[in-house]
Amino acid sequence: MLALLVLSLAPSSVASVLPSTGWDKSNHALGFAVLGLLGQRAWPGRTAIVLTALLAYGGLIELLQSLTPDRMAEAADLLADWVGLLLGAGLAFLLDKNSSGEPT
């Protein structure tokens, strides 16, 4: 979570040398997919709480970006966060299902 916060709030002069997918929305989706996967694996059975808390964290990041001089908050970023969270939680579900020995 800290790494994602740093990447999200880094000044644009620094952000140009940081890892990137090349598209802001896919950066958001990828970062939050990782958080969704880890959150789901850490607290199985609490999907709604975990995803809601992580989406709120995405909202906090957007709020903090609006307070920086060279970043801006965008609703589309929050949507990309949500898509990433769903993908990450879905992947965690598939991994859990496959590790339980059930045939796919």
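Predicted, not measured: the structure shown is a model, and the values here were computed from it.

Cut-off values and rules
Residues numbered from 1 in each chain as written. Predicted model: local features only at pLDDT ≥ 70, side-chain atom pairs only at ≥ 80, totals over all residues. Heavy atoms only, no water. Salt bridge = Lys/Arg side-chain N within 4 Å of Asp/Glu carboxyl O. Helix = DSSP H or I, 4+ residues; strand = E, 2+ residues; numbered from the N terminus. Expected span 1.5 Å × (residues − 1). Buried < 20%, exposed > 50% of the residue type's maximum accessible area, 1.4 Å probe, protein only. Contact = heavy atoms within 4.5 Å. Core = buried A, V, L, I, M, F, W, Y, C linked by side-chain atoms within 4.5 Å.

J.: What is the right way to read the pattern of salt bridges from this model?
T.: Close approach of charged atoms allows side chains of opposite charge to pair. Considering all chains together, one arrives at four salt bridges under this definition. Its salt-bridge partner being K25, residue E74 comes within 3.1 Å of it at the nearest N-O pair. Note that E74 is positioned in the loop between α4 (47-66) and α5 (75-99) and K25 in helix α3 (residues 24-42), a separation of 49 residues in sequence. The partner of R41 in a salt bridge is D96, with the nearest N and O atoms 3.0 Å apart. Linking R41 in helix α3 with D96 in helix α5, this pair joins segments that are 55 residues apart in sequence. Through salt bridges that share partners, D24, K25, E74 and D77 make up one connected network.

J.: I would appreciate a short explanation of α3 in the present structure.
T.: Three- or four-residue spacings in an α-helix give side chains the same orientation, since the helix completes a turn every 3.6 residues. The end-to-end C-alpha distance of α3 is 27 Å, a good match for the 27 Å that 19 residues give at a rise of 1.5 Å each. Within the sequence span of α3, burial applies to K25, H28, A29, G31, F32, A33, L35, G36, G39 and Q40. In this structure, the buried residues of α3 make contact with α1 (2-9), α4 and α5.

J.: It is not clear to me how the nonpolar core should be interpreted in this structure. Could you clarify?
T.: Side chains that are nonpolar tend, in soluble globular proteins, to be buried together. Formed by L4, F32, L35, V50, L51, L54, Y57, I61, L85 and A89, the largest nonpolar core amounts to 10 residues. Looking at this core, the elements with two or more residues in it are α3, α4 and α5. The biggest single contributor to this core is α4, with five residues. Contacts of A89, omitting those with residues within four sequence positions, involve G36, L37, Q40 and L51.

Interpretation in functional terms is not warranted from these geometric data alone.
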